[in-house]
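What follows is the residue order along each chain.
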Amino acid sequence: MTIETTRRGFLTSAAAASAILVVGVRPNGALAAGGDAMLNPFVKIGADGSVTAIVKHFEMGQGPTTGLSTLIAEEIGLRMDQIGFEFAPSDPQRYANLAFGQIQGTGGSTAIANSFQQYRTAGAAAREMLLETAAQAWGVDASELTIEEGIVTGANNAAPLAEFVEAASALEAPTEPRLKDPSEFRLIGNPDVRRLDSPAKVNGTAMFAIDLHLPNEMFTMIARPEQRGALALGFDDSAARQVAGFINAAILPNQAGVAVYAENTWAAMQARDALQVEWDLSAAETRSSDEIQAEIMAALEAEPTYNVNKTDQTATQAALDGAAQVVEQTFYFPLLAHAPMEPLNCVIEANDDGGITLHDGAQMPTGPHMAMAEIFGLPMEKIRINTMLAGGSFGRRATPEADYQVEAALAFVVTDRTRPVKLVWSREDDLRSGYYRPAFGHKVRVGLDDAGQIVGWDHRIAGQSIMKGTAFESFVVRDGVDHSSVEGASDTPYQIPGAFFGLTDTEKATSTLWWRAVGHTHTAYVMEVMMDMAAQAAGRDPVEYRLSYLQGDGGDQARLAGVLRLAAEKAAWGEAPAGHAQGVAVHKSFGSYVAEVVEISGNAEDGVKIEKVTCAVDCGLAINPDVIKAQMEGGIGYGIGHNMRDQITLSGGAVDQYNFPDYEPLRIGDIAAIDVHIVPSAEAPSGAGEPGTPPAAPALANAIAAASNLRVGVLPMDENGVAFV
Amino acid sequence: MAFSLKLNGKDHTVEAEPGTPLLWVLRDELKMTGTKFGCGVAACGACTVHLDGQPARSCQTYIDDVEGVEITTIEAMERDTIGAAVQQAWVELDVVQCGYCQSGQIMSAVGLLSENPKPSVEEIDDYMYGNACRCATYQRIRAGIQRAAEILEA
Ligand code: FES
Ligand code: FES
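If you're wondering where the values come from, they're calculated on a predicted model, not measured in any experiment.

Interface size is commonly expressed as the accessible area that is lost once the parts come together. Taken together, the 45 residues of chain B in the interface contact 48 residues of chain A. For the side of chain B that touches chain A, the secondary structure elements donating two or more residues are α1 (22–29), α2 (81–92), α3 (102–115) and α5 (138–153) of chain B. Looking at the side of chain B that touches chain A element by element, the count peaks at four residues for α5(B). For the side of chain B that touches chain A, the class distribution of residues is 24 nonpolar, 12 polar and nine charged.

If you want it as structure tokens, here you go:
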């Protein structure tokens, strides 16, 4: 079975098989067309004129299948119902994320930003080739012709582009096709463009990896230790053998667990429960989350290891000593699980040519691709990855170790490889898997003068580095500082005098992982709560106070001030009805600027109700405005839900939470309304998937403070003094 | 053991072990994968189907208990008046993000609208409480149900 014959439903259009005009780039970046084996295709056009965008990013709901297809459709001159999409194969040379180097993957809200020129250029080249062909056929000049809704028109002629595909495919691709001027855009920036993946997602036909069934498949679950790092020494499967449908069990080659194979998922679950495993606990994690928290809080009281911006710490101290008043707050952010809705899973099968195919909602295909080449002892080209829709990720489907794909590969490698292995995780596996948003603590002291102006800002951060000890360390760790531990704080655009940022790494008790918005999940909270406390101490309005630290008309400050003013205006800042209170936060992340105002009723003691979140976002040129709005809505929900009531805790190294009942998701009634506004912009497009998340929780915290005089420094809120109704 | 099911208006005979949740019979035996697995403990609603027209969590419904019961899944919603209206509203408003929870959301929304053709926001929030969406598409789910009610009224 090969990729082409798997049941990918709407993802494989008929056009792909019969495509004859193919446009993309060579590894050196040169635009090319035709059947060149080195070509990296972004668009394929079939003889019947059907157009398919080849999407190099995975779809976890954030919208790149629609976004990248929009770029191609815009440049060719198509309606959105005239283009389909399929996912690119795994090939780090040819489908690299231009923001990552030689890695194919999705993250850091880069899907649109890194593809914007690339995909438009491919579409524009296809357009010029088609127009050139039509011009020759009609004996006119190509400059007289355009493509509108798939029809080549001009010079008193009109014909569907299908008529020119075959002849166009013989042309050389133009090296520098003309990109459309923004004044010509019909699709880019159009709020009426709909998602291409909606129809299949409302009728049950959308195919996630968990939905794939291959002939003769085996369903596999892994018995894992309660304490991370324990090793499987042996097992007793006598009870498991009583489960109908149980096939076999085997210790994984790395001893990280025992694979249980069965004829269906339910049998695999039952048999795994019945398996008795003997674990070697000598290398197992035994700490509790209380110990992790204590270590972090102690680190905040000691001298920081790193002076992040290499500023004069004694000058900051002197400023604080001389300040008229000092505002101080300590914060603690617990471990958080990603909990994507589709539990992790993937399918591995052997191919007739001796190769291996992985079917996966692959966020970063290059990682599992390299890991599988090593595990199976095969060259890269013998490993294929069929990227399928992902039921959420929030970062979880990309780990530096390719954890679940490696697990599936190890479960497959010990079999005779005649039966495909479908690895399925339960929700319990997911919450207990050990990949979490790391725990962090902050301690900040802000000195104000008599007029309430900031004179010094001493900011200490301690926590578990995400990148150290991983393959990504060399990219992001500079002079010992993991940038993802301090991003959003030490590089704040606020013009704060006398600032010092210190960082101390603490021991990792679990694997730490990027979680929607990464370091900004805690730094934005701290920066925005501190600005609020400073404004309050100064007796100033929180919006006006922030604006006074965002002066100047260029760059970050102006764009932050822009979204802040817009959100304040749309939220009717300062005019909340009686019994309501507002809080605000503004933050830059992933190149985008977002301000949010949260309006609540009630108070911390009697119960808080979130009445409305008003959001303003500046992410440069908005390709699909409605997708951006949806990402802000989702990002706000993700930030608020977890900070309201979620945390992962450990007792003796074992995770306490088991399933949604004790890692309670945001529910429909938790936020009564969200209102998103996009700042019109001609700047290059930047991220949308993550930037909505960071300001949401601090804006809520600031609203709670306004209503209750309670500053929540330790999260989650509902375990630290805030009741929600 | 063989069980006979009335599923989406057709009779099916499936082989399954007694005690198997309907969810896994649908997904693994019948390869009807529109109904999703999210938690297995009735806490997320991703597996929602209709039993005799009432939304139920198929992860906590056992095959032994559904013989003779009319089972309806997302795959049949296109042929259902309310189901088709909800799907149309969902596409108009682009409710979905990752989409994984949406079969369950739609099955619950259809359950609500068949009981209550014009639900208020409070009634929607109440009825849809058990359907989690990790992408937090709740705003649009609410709007989608209201839009479907409008479509059905017209
Ligand atoms: S899978 Fe049935 S409610 Fe979650
Ligand atoms: S759309 Fe992703 S979980 Fe609901």
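On the secondary structure map, Gln54(B) appears in strand β4 (residues 54–57). Residues Gln54(B) and Thr72(B) lie 18 residues apart in sequence; the distance between their C-alpha atoms is 9.3 Å.

All names here are of chain A. Three or more residues of helix α8 (residues 313–321) are buried, namely Thr 316, Ala 319 and Leu 320. The buried side chains of α8 occupy one side of the element, clustering within an arc of 100° when seen end-on. Turned more than 90 degrees away from the buried face of α8, the exposed residues are Thr 314 and Asp 321. Contact partners of the buried residues in α8: β15 (325–333), β21 (440–448), β22 (454–463) and β25 (499–505).

Residue and element names in this part refer to chain A. Taken in spatial order, the four strands of this open sheet run β27-β28-β29-β32, and their pairing is mixed. Of all strands in the sheet, those with a lone pairing partner are β27 (580–589) and β32 (674–678), marking the two edges. The mean inter-strand angle of the sheet, taken between neighbouring strand axes irrespective of direction, is 15°. Across 10 bridges, β27 lies against strand β28 (residues 592–603) in antiparallel orientation. Paired with Ala 585 across the bridge in β28 is Glu 596. Contacting β27, β28, β29 (607–618) and β32, helix α16 (residues 555–570) runs over the sheet at an angle of about 135° to β29. Running over the sheet, helix α18 (residues 696–708) touches β27, β28 and β29 and is turned about 150° from β27.

On to the domain arrangement of chain A. All names here are of chain A. The assigned domain composition of chain A is domain 1 (3–193), domain 2 (209–282 + 344–424) and domain 3 (303–336 + 436–719). Each of domain 1 and domain 3 has a C-alpha centre, and the two are 39 Å apart. Contact residues are listed per partner, giving 17 residues for domain 1 and 20 residues for domain 3. Contributing elements (two or more residues each) for the side of domain 1 that touches domain 3: α2 (64–76) and α3 (111–138). A class-by-class count of the residues in the side of domain 1 that touches domain 3 yields seven nonpolar, 10 polar and no charged.

Next up on the list: helix α7 (residues 289–301) of chain A. Across its 13 residues, α7(A) extends 19 Å between first and last C-alpha, which sits within 8% of the 18 Å expected from 1.5 Å per residue. Along its buried surface, α7(A) packs onto β15, β21, β22, β25 and β30 (650–651) of chain A.

Residues and elements named next belong to chain B. Segmenting chain B into domains produces domain 1 (2–74) and domain 2 (76–153). Between domain 1 and domain 2, the C-alpha centre-to-centre distance is 20 Å. Taken together, the contacts link 19 residues of domain 1 with 14 residues of domain 2. Secondary-structure elements contributing two or more residues to the side of domain 1 that touches domain 2 are β3 (48–51) and β4. Of the residues in the side of domain 1 that touches domain 2, the class split is six nonpolar, 12 polar and one charged.

Sheet strands line up and pair through hydrogen bonds in the backbone, either parallel or antiparallel. All names here are of chain A. In space, the seven strands of this open sheet follow the order β11-β12-β9-β19-β16-β17-β18, with mixed pairing throughout. In the strand order of this sheet, the two ends are held by β11 (246–251) and β18 (383–387), each with one partner. Adjacent strand axes in the sheet meet at a mean angle of 25°, parallel and antiparallel pairs treated alike. Relative to strand β17 (residues 356–360), strand β16 (residues 345–350) is paired through four bridges, and the arrangement is antiparallel. Pairing of Val 347 across the sheet is with His 359, part of β17. Docked against the sheet, helix α6 (residues 265–274) engages β9 (218–223), β11, β12 (258–262) and β19 (421–424), running at close to 25° with respect to β9. Relative to the sheet, helix α10 (residues 403–413) contacts β9, β12, β16, β17 and β19, its axis offset from that of β19 by approximately 140°.

Before going further, it helps to spend a moment on the pairing of β11(A). Residues and elements named next belong to chain A. The pairing of β11 with β12 spans five bridges and is antiparallel. Bridging across to β12, Phe 246 finds its partner in Ala 262. Between the end of β11 and the start of β12, which pair antiparallel, lie six residues, with Gln 255 showing a positive phi angle near 65°.

This paragraph deals with the pairing of β9(A). Residues and elements named next belong to chain A. Of all the six residues making up β9, six are buried; the element is thus mostly covered by neighbouring parts of the structure. Here β9 shows a buried face lined by Met 218, Thr 220 and Ile 222 and a second buried face lined by Phe 219, Met 221 and Ala 223. Relative to β19, β9 runs parallel, the two being bridged by three bridges. Within β19, the position partnered with Met 218 by the bridge is Val 421. Here β9 pairs with β12 via five bridges, running antiparallel. What sits directly across from Thr 220, in β12, is Tyr 261.

This paragraph deals with the packing of α2(B) against α3(B). Residue and element names in this part refer to chain B. With their axes 9 Å apart at the nearest point, α2 and α3 run at an angle of 125° to one another. When the axis of α2 is compared with that of α3, the two are oblique. Considering how the two elements wind past one another, α2 and α3 form a crossing that is right-handed. Counted together, Ile 82, Gly 83, Val 86, Gln 87 and Trp 90 of α2 and Ile 106, Ala 109, Val 110, Leu 113 and Ser 114 of α3 form the full contact between these two elements.

Calculation rules
- Residues numbered from 1 in each chain as written.
- Chains lettered and ligands numbered in written order.
- Predicted model: local features only at pLDDT ≥ 70, side-chain atom pairs only at ≥ 80, totals over all residues.
- Contact = placed C-beta atoms within 7 Å.
- Helix = DSSP H or I, 4+ residues; strand = E, 2+ residues; numbered from the N terminus.
- Nonpolar A, V, L, I, M, F, W, Y, C, P; charged D, E, K, R; others polar.
- Buried ≥ 20, exposed ≤ 12 C-beta atoms within 10 Å, placed from the backbone.
- Arc of directions from axis to C-beta.
- Pairing = 2+ DSSP bridges.
- Axes fitted to C-alpha atoms, helices over the stretch in contact; angles between N-to-C directions.
- Domains from an automatic or database assignment.
- Expected span 1.5 Å × (residues − 1).
- Parallel < 35°, antiparallel > 145°, perpendicular 65-115°, else oblique.
- Left-handed = near helix turned anticlockwise from the far one by under 90°.

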